[in-house]
Amino acid sequence: MSSSSSRFLGRARLELRQMLRARTALVVASLLLVAGIAAIVDGAARVAHEREVIAALEPALREEESYLRKTHAPEDDLGLVLYYLAMPVAHEPTEWTALSTGLRDVHPYSRHLRFIGLVPQLYKTDIANPLKQLSGSFDYGFVLIFLVPLFIIGVSYDVRSRDDDLGTEPLVCSQPTRLSRVLALRLALRAGLVSAVALALLAFAAAWLRLPLDARAGAFALASLAYIALWFVVVFLVASLRRSSAWNAISLVGAWIAWCVLLPALVNLAILTASPAHGGVELTLAQRQEQNAGWDRPKRAVLDPFFARRPEWASTPVPEDRFSWPWYYAMHEMGDAHVARQVEDYHAALARREQWTARAALVLPPLALELVLDRMAGTDMATELAFRDSMAAYHEQLKQYFYPLIFNYKGLAAFDIDAVPRHRFDGAPRPLHLSSLAGLLGALALLGAMVPLAVRRIDATPWLEEASASRKVSSRPGAGQDPSTEPSTLLTRDGKARET
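Undergrad: Help me understand empty space enclosed by the protein in this model?
TA: To locate leftover empty space, one rolls a probe as large as a water molecule over the atoms. Across all of its chains, the model carries four cavities of 30 Å³ or more by this definition. Roughly 60 Å³ of volume is contained in the largest cavity. If you trace the largest cavity, you find it lined by Phe115, Ile116, Gly117, Tyr329, His332, Glu333, Asp336, His395, Lys399 and Tyr403. Only helix H15 (325-338) and helix H18 (381-407) provide two or more residues apiece to the lining of the largest cavity. Top contributing element to the lining of the largest cavity by residue count: H15, with four residues. Partitioning the lining of the largest cavity into residue classes produces four nonpolar, three polar and three charged.

Undergrad: Mind showing me how you'd approach the packing of aromatic side chains here?
TA: The geometry of an aromatic ring pair comes down to the distance between the two centres and the angle between the two planes. Using the criterion set out here, one finds 31 aromatic pairs in the structure. An angle of 85° between the planes, with centres 5.2 Å apart, marks the rings of Trp295 and Trp327 as edge-to-face. Residue Trp295 is found in the loop between helix H13 (280-293) and helix H14 (299-309), and its partner Trp327 is found in helix H15; the two are separated by 32 residues along the sequence. Above the ring of Trp327, the side-chain terminus of Lys299 is found at 4.7 Å from the ring centroid. Stacked on the ring of Trp356, the Lys or Arg Arg359 has its end atom at 4.5 Å from the ring centre.

Undergrad: Looking at this structure, how should I read the pattern of salt bridges?
TA: Pairing between side chains becomes possible if they bear opposite charge and their charged atoms approach one another. Within the structure shown, the criterion is met by 17 salt bridges. Residues Arg388 and Glu384 are paired through a salt bridge, measuring 3.1 Å at the closest nitrogen-oxygen approach. With a gap of four residues between them, Arg388 and Glu384 both fall in helix H18, about one helical turn apart. We note that Arg388, like Glu384, is buried.

Undergrad: Looking at this model, I keep getting lost on the packing of helix H11 (residues 215-239) against helix H12 (residues 245-274). Mind explaining?
TA: Geometrically, a packed helix pair is captured by the angle between its two axes and the distance between the axes. Viewed as axis vectors pointing N to C, H11 and H12 meet at an angle of 140°, and their least axial separation amounts to 10 Å. Our classification of the angle between H11 and H12 gives oblique. H11 and H12 meet at a crossing whose hand is right-handed. Across from Tyr227, Leu230, Trp231, Val234, Val235 and Val238 in H11, the residues of H12 making contact are Trp247, Asn248, Ser251, Leu252, Ala255, Trp256, Trp259 and Cys260. In the contact of H11 with H12, the residues fall into twelve nonpolar, two polar and no charged.

Analysis parameters
- Residues numbered from 1 in each chain as written.
- Predicted model: local features only at pLDDT ≥ 70, side-chain atom pairs only at ≥ 80, totals over all residues.
- Heavy atoms only, no water.
- 1 Å grid on protein atoms, 1.4 Å probe; cavity = no way out; pocket = protein on both sides within 12 Å on 5 of 7 lines; lining within 4 Å.
- Points joined across faces, edges and corners; volume = space filled by probe spheres on them.
- Helix = DSSP H or I, 4+ residues; strand = E, 2+ residues; numbered from the N terminus.
- Nonpolar A, V, L, I, M, F, W, Y, C, P; charged D, E, K, R; others polar.
- Phe/Tyr/Trp six-rings, centres within 6.5 Å; stacked < 30°, edge-to-face > 60°.
- Lys NZ or Arg CZ within 6 Å of the ring centre and 35° of its normal.
- Salt bridge = Lys/Arg side-chain N within 4 Å of Asp/Glu carboxyl O.
- Buried < 20%, exposed > 50% of the residue type's maximum accessible area, 1.4 Å probe, protein only.
- Axes fitted to C-alpha atoms, helices over the stretch in contact; angles between N-to-C directions.
- Parallel < 35°, antiparallel > 145°, perpendicular 65-115°, else oblique.
- Left-handed = near helix turned anticlockwise from the far one by under 90°.
- Contact = heavy atoms within 4.5 Å.

Okay, here's the thing in structure tokens:
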């Protein structure tokens, strides 16, 4: 083994002992590990509960059918029974859903769809509890995106300035090793500790949640390690500015606030302003107003546009002097048709917001990582829109099944619950959000390109230059008294003198 390798290993052992002797890093790493395990276990419990709810939907439907048959005679009009019947629809979670809740904390996993107007049922979940939306969910994504950077800042903010605080900077600079290599070694040891915690949590999640070890697991690990590496590069760049420990801590916490909190909030506000959309409240109100107006209009005002949409029922006799179920359900459909264009515009606005969010993620690594995790978990906006489209398609299937029974005035005896179509939605995660992953890696590469400049700045140590100048001054004739009687001084990087 060469002498340089021996010196490097000796330096590595020394730095490792100093890091472990402090115990702060180990304590915080343990807390971070406990927080991650708690988030994974809690997410698994939520997913298990939702799966139990979804599994109970079909038995509940059977009980409801039995109750309706007990409370209605076989010859009762089927339209009356269908008013109360609620068919279950579900967006089943996947194994990855426990790691990133995403939109699932405000949009439920399962719903009930009645054979009436679709729009109020589809968008009533947009009226969410603002306090719940503000607090969000404590999941592994939260630990990785928000807590891990704080841990990195806590154990690395003084990676260079601590030598000045302890008065050991001249000793470090006098070693036959460039200062940038010493700082890189210190950060590498801390990065190894943080990466070990992240990989341990991923291994625990794979075992606890039975995650398949496929390309998604590799992409998850790659995104996590890239995010960790990015924050250590930020710490190295801040350390190259040669400021005090307090200044470094404030700067790094400010970067965390800007990246993780402030800039995403401003980007979200800008996207909402640039792409306005009528939300679920407006759509529901417009549909209900049009639908309820049908009660005050002649029956033909509802039936004529309905028959134009569905000419196969135009020859069906519908009484115009009294209430009838064919007219009632036609009125509900025309209420949906009245806001159909607004619904399309709303979906288009949400899709545009998703696109702009993906573009913003190219310069906001925390947002990029969140999009990667949400897409893998199937809890992103694109998956939610696909689920809503599946509900609309299923509602049309119900119409195709029930309209022949209603417009032919069939009774309850003609109703067979086993023949009613069931909702199906492929809840598997969509393809990986490669643009966000590329943005995360691109941000790491961009910051990494600044590292050589930071290395040159770190190695140009003012202490060495000022100490050399001091030796030149003291060597001039008559420069001072007998050095044996005059205390010598070492200049630190901020120009302060330390007596030796």
